[in-house]
Amino acid sequence: MKISFLKNVSPLLVVLVLFGCKKTIKEISNNPPNIVFIMSDDHAYQAISAYGHGLNLTPNIDRIATEGAIFNKGFVTNSICAPSRAVMLTGKHSHINGKVDNIQSFDWDQDNFAKSLQKSGYQTAMVGKIHMDGLPQGFDYSNVLPGQGQYYNPDFIENGVKKRIPGYVTEITTDIALNWLKNKRVADKPFLLLYHQKAPHRTWMPEEKYFNLFDEKTFTPPANFFDDYSNRPAAAAHEMGIAKDMDLVYDLKMLDAEGEIKTKYRKHFQNMYNRMDDQQRAAWDAYYNPIIKKFKADSLSGKALALWKFDRYMKDYLRTIQSIDDGVGEVLEYLEQNGLSENTIVVYTSDQGFYLGEHGWFDKRFMYEESFRTPILIRYPREIKAGTVIDKMVQNLDFAPTFLDYANVSIPEAIQGESFRKLVSGEVSEWRDAIYYTYYEFPGEHHVKRHYGVRTDRYKLMHFYYDIDTWELYDLEQDPSEMNNIYDHPEYKDIQENMHQRLVEMREKYEDSDHLNKENLNRYLKAKGINDHIVK
Ligand code: SGN
Ligand code: CA
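Here the residue numbers are simple positions, counted from 1 along each chain's written sequence. As a convention, the first chain written is A and the first ligand written is 1, with the rest following in written order. Whole-chain, interface and lining totals are the exception, using all residues; otherwise, since this is a predicted model, local features are given only for residues with pLDDT of at least 70 and side-chain atom pairs are given and counted only at 80 or more. Side-chain descriptors were evaluated using all non-hydrogen atoms of the structure, hydrogens and water having been removed beforehand.

With that settled, consider the sheet that holds strand 15 (residues 459-464). In this scheme, strands are said to pair when DSSP sees at least two bridges between them. Helix numbering and strand numbering both begin at the N terminus, where a helix is a DSSP run of H or I of at least 4 residues and a strand a DSSP run of E of at least 2. An order of 13-14-15-16 is seen for the four strands of this open sheet, with the pairing classed as antiparallel. Two strands bound the open sheet, and with one partner strand each, they are strand 13 (434-439) and strand 16 (470-475). Each adjacent strand pair in this sheet contributes to an overall mean axis angle of 10°, direction not counted. Pairing geometry for strand 14 (residues 451-456) and strand 15, over five bridges, is antiparallel. Bridge pairing in strand 15 links histidine 451 to phenylalanine 464. A fitted line through C-alpha atoms represents every axis, and for helices the fit uses only the stretch in contact; the resulting angles, taken between N-to-C directions, go from 0 to 180 degrees.

Ligating atoms shown are N, O and S within 2.8 Å of the metal, or 3.2 Å for Na, K and Ca, and water is not included, meaning a site may look less than complete. On the protein side, the calcium ion (ligand 2) has Asp41 (OD), Asp42 (OD), Asp351 (OD), Asp351 (OD) and Gln352 (OE1) as donor atoms, found 2.1 to 2.8 Å from it. Coordination geometry of the calcium ion (ligand 2): the six donor atoms subtend angles of 51 to 170° at the metal centre, consistent with an arrangement described as irregular. Any residue under 20% of the maximum accessible area for its type is buried, any over 50% is exposed, and the rest in between are partly exposed; the area is computed with a 1.4 Å probe on protein chains only. With a relative accessible area of 0%, aspartate 41 lands in the buried category. Look at aspartate 351 and you get buried, because its relative accessible area is 0%. Geometry assignment treats four donors as tetrahedral when all angles are between 85 and 135 degrees, treats four as square planar and six as octahedral when opposite donors are over 155 degrees apart and all others between 65 and 115, and treats everything else as irregular.

Quick look at the domain arrangement of the chain now. Looking at the chain, the domain boundaries give domain 1 (2-205 + 321-428), domain 2 (228-313) and domain 3 (438-533). The domain limits used here are those given by an automatic or database domain assignment. With centres defined by C-alpha atoms, the gap from domain 2 to domain 3 works out at 32 Å. Two residues qualify as a contact provided that any one of their heavy atoms is within 4.5 Å of a heavy atom in the partner residue. The interface is formed by nine residues belonging to domain 2 together with 12 residues belonging to domain 3. Joining two parts hides part of their accessible area as seen by a 1.4 Å probe, and the buried area is that hidden amount summed over both. Overall, the association of domain 2 and domain 3 removes approximately 890 Å² of surface from exposure, summing both partners, and the carbon and sulfur fraction of that is 54%. The largest share of the area that domain 2 buries against domain 3 comes from Arg232, Ala234 and Glu239, three residues that together contribute 55% of it. Every case where a carboxyl oxygen of Asp or Glu lies within 4 Å of a side-chain nitrogen of Lys or Arg is listed as a salt bridge. For the pair domain 2 and domain 3, the number of links is zero salt bridges.

Attention now moves to the site of ligand 1. Of all residues adjacent to ligand 1, which total 18 residues, the nearest are Tyr250, Asp363, Arg365, Glu445 and His446. Glutamine 148 is positioned such that a nitrogen or oxygen atom in its side chain is 2.8 Å from an oxygen atom of ligand 1. Between tyrosine 250 and ligand 1, the recorded distance is 2.7 Å, taken from a side-chain N or O atom to an oxygen atom. A total of 460 Å² of accessible area belongs to ligand 1 in isolation, and the protein chains cover 86% of it. In the scheme used here, Gly and all other residues not listed as nonpolar or charged are polar, with Ala, Val, Leu, Ile, Met, Phe, Trp, Tyr, Cys and Pro taken as nonpolar and Asp, Glu, Lys and Arg as charged. For the shell around ligand 1, the per-class residue count stands at three nonpolar, six polar and nine charged. Being near a molecule or strand, for a residue, comes down to having at least one heavy atom within 4 Å of it. Nitrogen and oxygen atoms within 3.5 Å of one another constitute a polar contact, given that in protein one can donate a hydrogen and the other can accept it, and given that sequence-neighbouring residues count only through two side-chain atoms. The Shrake-Rupley method, run with a 1.4 Å probe, gives the accessible areas here. Residue values count only the displayed protein chains as cover.

If you want it as C-alpha cells, here you go:
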C-alpha cells in the first residue's frame, strides 16, 4: 500500500475496506483504479463505427469496446446537455438534483461523485465542456469552456480564470487533458479525469485537416426521413426538421460573400466565422466557397433541397467526430506508453444521443430512441473481458455509483443510480427491467413539449403535458422506429395498463410527481420571464 495514498483515505473507508469487502486490503488500496471519463456533446451512437451503422470510422473509440465492453442499451434520463451532466455527476434524476433544464443554474454545493473520490484520496480534474456556471466543485483542477464554447480560438476558464486559446477546440481540449496527465498529475495518487469534448455540437465546424473527408460520399437519409408525424401531435409540433428548420448559413455554412443567402441565423454564423484568424479563414473559404457557388447555381428546392441539406449536415457533423476520435487515440496511447492501461477505467459516452435524419430531424430532447439512447463504451482490463456486449438497460444515472464502486468508496444512500460494475464483469445478470425519463425545456428552442415516460425492454409509454395532454405507446419490437403510436389500440389494452402501472412504480421509486412537475414548470416560466402562464 502506498503510504501517500493511505494518508488521504478517510477512516470510514478504512473501516469499510477492512470489514465490508472480500478483496484483501492490499489488493484494493495498492492500486485503486484511475478513471478517464470521456464525454462528447451530441454524439449519436449511429456515428460510432463499433455500433455498426456504417456511417463513419472511429477506430480509437471502437478500441475501447473491442478491448472492453459496449452497451447496446445505454440511455440518459433527460436528453439535454447540462441536465445530463448534472445527472452524471450526482447520480440523481433531474427533479432531485434540481438541474432540470439548460436554463436554470446548477447547485454545485450538492454532493457529486468527484467530491467523494477527492475526499478518498483521488486527484481530480475536469477539462472541456461542462455547460454549467460556477467553479466546478470536486475538482483539484478545472479548465472548462464557458457555456457552449466555440470551435475556433475558444475561450477556456482555467481554475476560474478566463483566457482565449488559439486553435481548434477539440485539439485544444485533448492537449489540456494530456498536459494534465503528463505535468499536473501526482504520480502516486489515483486520478479521475473528466475529458469532455464540445464536438459534435451544433454548429458542426470541422477541423481544417478533415474538410475533405467524405467528399466522395453522398449520405442517404434513414427510411423515416420524410415522416409525416401522423398520430403523434407532440412530434408534429417540433422545430428541428432538417428540411424545414436547418439554417442554410448557420448550420450548413452557405455564407456567400454576396450576401444573397439571407437566413434567420446568418449573423450568428458570421460571428463564429469572424473568430477565425486569417489563415483559418483562408483555409475555410478555400473549401466552402466552391460548395457555396455550386449550391447557388443549382437552385435546389423541395425534396432535392432536403436531401442536399441532409448530406451537407452529415458531412460536417461526422468530420467533427473524426477529431474527437483522434483525441481518444492520443489519450489511450498515453495510458499505454505510461503503464496505465491495465489500471485505468476508460469510459466513452455522450451527454445524449442525436437525430441523424431519423423522423427528418437533427437535435435531441425527445424520449424517442435516437436521442434517449446514448453510446456507452468502457475498458478496464483488470475486470472487463475484451469484447463484452451488454444488452441490459443502463443510464447516465449509473455512472456516479459505478465509479464509486470501482474505487471502493461507499455509495451514498441518496444516489438513485445503480453500479453496473458487476453487470459488466459478468458477476451478476439480474438487472432492472424498466427505466424512467423526464424532459422539461418547453416552451423553448426546437419546440419539444414537456414529457416523461417509462421504457421496458419491449415497450415505451410517454406522456406529453403542459399545453398538450397526449399519450404515446410503442411496441419497439414491431416498430423500432416509433412511427406507429398504438396508445388506445384495443389489441394493446393489457400492455397499456401494465405500462401505466410501471410508470406509476417508476415515479414512486424515483420520487417524482405531478406536483414536482408543476413546481419545475413554474420555476422555468419565471426564469424565462413567461409570467402570465404560471400554473397554480
Ligand atoms: C443550442 C443550440 C440548440 C441545442 C441547444 C442545446 N442552438 O441552443 O440547437 O438544442 O444548444 O444543446 S444554437 O443556435 O446555439 O446552436 S445542448 O447539447 O447544449 O443541450
Ligand atoms: Ca448535448
